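Report on the structure
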Amino acid sequence: MDDAQLAQVESLCETLYTGLPPTGEKITREEAQSRLLSLQSSASFIPQCQYILDRSSSQYALLVASNSLTELITSHWNNFTVAQRIDIRNYVLGYLANNGPTLQDFVTLSLIKLVCRITKLGWFDDAAHRELTEDVTKFLQATVDHCALGLKILNQLVDELNIPTSGRTLTQHRKTSVSFRDLCLFKVFQLGLTTLKQLQTGAIGAADRRQEAVLGEQALGLTVRCLNFDFIGTNPDESTEDVGTIQAPTNWRPVLQDPATTELLLDFYANTDPPRSSKAMEAVILICSVRRSLFPSDKEREAFLGRVMTGIRELLKNQTGLQHQDNYHQFCRLLGRLKANYQLSELVKTEGYLEWLELAASFTTQSIRNWQYSTNSIHYLLALWGRLVAAVPYVRPETGAKGHVQALENHVLNVVECYVDSMLGSVETVLRSEGALEDPLEDDGSLMEQMDRLPTICRFQYSSVATILVAKFDPLLEKYRELVGHLMSTSTDSAPPEVALQVNILEGQLTWLTYIVGAIVGGHSWSSSRIGNGEETLDASLSKRVLQLAQGMDYRLTNSNGVGKADPKLEAAMLYYFQNFRRVYMFMWEQSSSGGSSISTMASMKLESVPSTKQKVYQNMFEHMGLGDHTVVANLIVTKIGKNLKFWPDEHEIVAKTLNLLTDMAGGYSSSKLLLTLDTVKYLASHHTHEEFPFLNVPSNARHRTTFHAILVRLLLSPGGEEKLGLTFDKFMEPIIETMSQLGALDSSQLRSEAARMPLIGVFRDLRGVAMSLHNRRTFGMLFDILEPRHLPLMSKVADLWYDQPDVMISLLRFMHEFCHNKANRVNFDQSSPNGILLFRATSDVVCAFGRRALANATPVSGDIYKTRYKGMSIALSVLNSALGGNYVCFGVFALYNDPALDNALDVSLKMALSIPLEHVIAYPKLSKSVFGFIEIIFRNHIKMTLALDTSVFMQLMNAVHEGLQSSDAQISSMCANSIDHLATFYYENSGKDKPEVHNLNKVSRFVGGIVQAIHGCCSGGQNLYLINNFLSAFVITAQFVF
């Protein structure tokens, strides 16, 4: 590289990161990126990257060079000698030492990542890599800027050794990670704490306030990373904030147990601002979560807990730092975590427990009242109270502070009442803010976190809590009925503004109460020791009001023909309640029914194994509800489901949740049998068209059509389903078949028109749902007899005309994939039946029609190439894979009778697979599974055809297998491994025979050596060793062929 080329690279980098092309040139950001990516294509570009680092003054060029070096080192690690690896590492470290303080942060971080990646990959190559901590110590002892740079290196090093790297096995990662933990991690942790002590005492005199802030932030971040290290290989979920037990090694005990450590972190929390203070609190949380066995005795653990409790009490008394959002959030996490790591029996013995309890209750109620600032933190506080009350039965009342149980009961009741009042009050506040405040009901994640924790808290004092809820529910329900009575046939939006506001406030408050009641009812446990103590009557009392609300909503919706809709959030809350009610109170429904002698006999047999107490609780529940028996309640729920599907076609979330509820009800053994007796279900099964349920005709609900029909067919084909629903499968299919007949009668121009788009998508989605619920030979044969021979030819015609429209083709191909899939051996025709061959012919026609047109239209497409081109090809290959591997076709028949269906399907599919650039195949996981699955199946079942391919085509297949073997995805590498196994097995069994395919194999024998080398690389990587060893032995046996 010379100065002119360097200037060109700098110009491209400026374009890439700023979007501004150089003067006199018209180059887009995408073109600049494409040209710069060439620096990552080969290890031969490493000198060019070093040249850029040494000569360039452009920060963007330095970033590109650093990122390229990282990618090259990672991808081509085995191409370097140990000495070269150390030289590159030392070069980058020296570069950082000389230039680090003057570089932009993004360049510095990229170079640090490069150093740490080299250190990780070469950890066992040479002792120099394991001495990086000592090398970084020199940074810490130099200038203040170098000290900050050293801390950044240590932070990245801990991250790099803690997080698995793509392309390396988990075994390799854990081996390196454990070695780093044992050799370096504790020292790194001590360096972080030492830096904090120096900052606390002012020992770093040369640092100004800005530098002190940077050092503090980096040192605290390092402390948190060390404590968060995956010490024992549990691979914790990084997406959650919930801290597990910290499995710190025993040699960490003196530091973690030392009071000075906790005091240091609490002092940093009290005397700094976020992000330093919040990081300090996060470190305190982690220290409080260390494993119990780290302490040599209970006495030391109690002393440690006492210090933590004292610190928390002081923070609560003085409200230290809690005015900052980040600090407040971390403090709530600390409170939530405290009971998770310590037993209640330990907490009540600590000095000042009752004071701590009172302060915690006061803090909780204050936080709940100020919900607009603490929505994402409330669930941590609720978790604290939930864990406290859950442990009460396991603590003797005389243990610890006197009267602690009574105090807890009082505080919990106050917390629950405050929560209910605050959430109800939040509705009006949000509405009157006119969008200035976020609605807590719209934050589904935080809302569900809170609902998950409410049952335990509310059931602790259930009678009192139920009284509070009923006192809130009744007047709101009465007022809502009154207002809705005036609006009956009109929408809320068309009402006078003040009336509309009142209705919206009431619906919002009823939404909260419905969620809360749903959570509490869902918390009922049939295995609880408290079963039979009358709590089911409280469930009934609360459920009655929710169901009455549901009846009122349905009545208004029906009478106004869908105009008088409630708030969608209230509908979602109602579905949440139904889901919890179904889970708790529907499993015994069949046992309570008395429909016929066979059912009664079955029920009596079951009741012998069910404790009578449960049966009494169940019956008591419905008696106290006062709405009728279980059948009436079930019909009410299913009626609500039907109304939602009928009147909420454009609300995607409501339709999805409604169908999820119906799916769960249809999936339960008892509840599904009850559904078959309900008139609403009979209506759904006999009117499953878009005229009756408009959601079926909304494009965004296309996938819900599949779910809807899958549910109905599952019910219809269940034992006695056709008889109970008064509907045969053929009758059920009539609307779908009628649509297919109309589409089949269209000529090509009409079938390709926009008017046919939605009917085509709909009918294929419906058919896929039907096919998904066919699980045996009889039911699959029913559908096949309906479609063959009249309607299957429509599929190939559609594929030929709509090949370039992903929405139509994906619907068609997904149906074909489901239809061809021989799950549970359902595609099993009589020995004399040609149906297997006919099914494969239809499949071949669809794949060939789509594939030929897609290959002929190879012009570049705009937008997402996966959605517009590769997705269809991927599913088409999956369709053929299912047909080829279904074991319901004797493929030798096609050649015997000169039927080209098989050859055409294989030819088109092979061309599709090879038309996709290999790097794109590897980049898209679903596409790669389809392509490599196809390659594996032709090597397994169609080896003669494979070996008859042109040498160049066979080389392409071998090259694809070569790349797939090195994939980090175990499924892909396994398929490629199996492909080579099939090839080696074929040669071993046929070696020396005078067959055309053996001669063809001999022609390409020289290419197999490269594959053996790739296999050796996979073996050294430790991936799929069982599979690799299986077919590696085949190659050893066929040594004269390979070597």
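Residues numbered from 1 in each chain as written. Predicted model: local features only at pLDDT ≥ 70, side-chain atom pairs only at ≥ 80, totals over all residues. Heavy atoms only, no water.

Among the residues of helix α8 (residues 132-140), Leu132, Thr133, Val136, Thr137, Phe139 and Leu140 are the ones counted as buried. Along the long axis of α8, the arc covered by the buried residues comes to 150°, so they all point the same way. Looking at the buried side of α8, the elements it contacts are α5 (82-99), α6 (105-121), α7 (127-130), α9 (144-162) and α10 (170-201). (Buried < 20%, exposed > 50% of the residue type's maximum accessible area, 1.4 Å probe, protein only. Helix = DSSP H or I, 4+ residues; strand = E, 2+ residues; numbered from the N terminus. Arc of directions from axis to C-beta. Contact = heavy atoms within 4.5 Å.)

Below, the discussion takes up the state of the cysteines. Scanning the entire structure with this criterion turns up zero disulfides. This cysteine, Cys332, is not joined by any disulfide, and Cys418 carries the nearest cysteine sulfur, 13 Å off. Cysteine Cys820 shares no disulfide, and the gap to the nearest cysteine sulfur, in Cys848, comes to 13 Å. (Disulfide = S-S within 2.5 Å.)

This paragraph deals with the pattern of salt bridges. Pairing of side chains with opposite charge becomes possible as their charged atoms draw close. Scanning the model with the defined rule gives 39 salt bridges in all. Arg301 is the salt-bridge partner of Glu346, the closest N and O atoms lying 3.3 Å from each other. Of this pair, Glu346 sits in helix α17 (residues 344-347) while Arg301 sits in helix α15 (residues 298-318), and the two are 45 residues apart along the sequence. What makes Glu346 buried here is its relative accessible area of 15%. Residue Asp439 is joined to Lys569 by a salt bridge in which the shortest nitrogen-to-oxygen separation is 3.8 Å. Taken together, the positions of Asp439 in the loop between α21 (404-432) and α22 (444-460) and Lys569 in helix α26 (residues 568-585) put the pair 130 residues apart, joining distant regions of the chain. The network of salt bridges with common partners includes Asp439, Glu442, Asp567 and Lys569. (Salt bridge = Lys/Arg side-chain N within 4 Å of Asp/Glu carboxyl O.)

Let us look at the environment of Ile88. When you line up the elements, Ile88 lands in helix α5. Since its relative accessible area comes to 9%, Ile88 is described here as buried. Here the alpha-carbon distance between Ile88 and Ile118, two residues 30 residues apart in the chain, equals 8.4 Å. When residues no more than four places from it in sequence are discounted, the contact partners of Ile88 are Ile73, Phe80 and Ile118.

Take the side chain of Ser882 next. In this structure, Ser882 sits in helix α43 (residues 865-884). Beyond its immediate chain neighbours, meaning those up to four positions away, Ser882 contacts His817, Cys820, His821 and Tyr888.

Below, the discussion takes up the environment of Val107. In this fold, Val107 is placed in helix α6. By relative accessible area, Val107 is classed as buried at 0%. Residues contacting Val107, with those up to four places away along its chain left out, are Gln59, Leu62 and Leu63.

Below, the discussion takes up the confidence of the model for the chain. As a general rule, the predicted coordinates of low-pLDDT regions are not to be interpreted in detail. Averaged over the chain, the pLDDT score is 87; the fraction of residues at 70 or greater is 91%. Confidence drops under a pLDDT of 50 for residues 593-611, and excluding neighbours within four residues, the segment shows 16 contacts in the predicted structure. Across residues 1018-1023, confidence stays below pLDDT 50; counting only partners more than four residues off in sequence or on other chains, it has 16 contacts. (pLDDT = per-residue confidence, 0-100.)

Within this structure, the stated rule accounts for 32 aromatic pairs. Arranged with centres 5.5 Å apart and planes meeting at 80°, the rings of Phe695 and Phe708 form a pair that is edge-to-face. Taken as a pair, Phe695 in the loop between α33 (679-686) and α34 (702-716) and Phe708 in helix α34 lie far apart in primary sequence, 13 residues in all. Overall, Phe695 belongs to the buried group, its relative accessible area being 0%. Aromatic side chains Phe840 and Phe891 sit 5.2 Å apart centroid to centroid with 80° between the ring planes, which places their arrangement in the edge-to-face category. Of the two residues, Phe840 is situated in helix α42 (residues 835-856) and Phe891 in the loop between α43 and α44 (892-896); the sequence distance between them amounts to 51 residues. For the pair formed by Phe840 and Phe891, the shared burial category is buried. Three or more aromatic residues link up through ring pairs in this structure, and these residues are Trp123, Phe180, Phe186, Phe189, Phe229, Phe231 and Trp252. In this arrangement the basic side chain of Lys175 is found over the ring face of Phe124, its NZ or CZ atom lying 5.2 Å from the centre. Above the face of the Trp648 ring, Lys565 is positioned so that its terminal group lies 4.8 Å from the ring centre. (Phe/Tyr/Trp six-rings, centres within 6.5 Å; stacked < 30°, edge-to-face > 60°. Lys NZ or Arg CZ within 6 Å of the ring centre and 35° of its normal.)

Okay, the side chain of Lys643 next. Looking at where Lys643 falls in the secondary structure, it is placed in helix α30 (residues 630-647). It turns out Lys643 is buried and unbridged, and the closest side chain with the opposite charge, Asp554, is 5.4 Å from it. Not counting residues within four places of it along the chain, the set of residues in contact with Lys643 comprises Asp554, Leu557, Thr558 and Trp648. (Lys, Arg positive; Asp, Glu negative; His and termini not counted.)

The next subject is unusual backbone geometry. Looking along the chain, the bond that leaves Pro274 and enters Pro275 is cis, with omega of 5°. Of note, Pro275 is situated in the loop between α13 (259-271) and α14 (276-288). Here Glu434, not a glycine, exhibits a phi torsion of approximately 55°, which is positive. We classify Glu434 as exposed; its relative accessible area is 75%.

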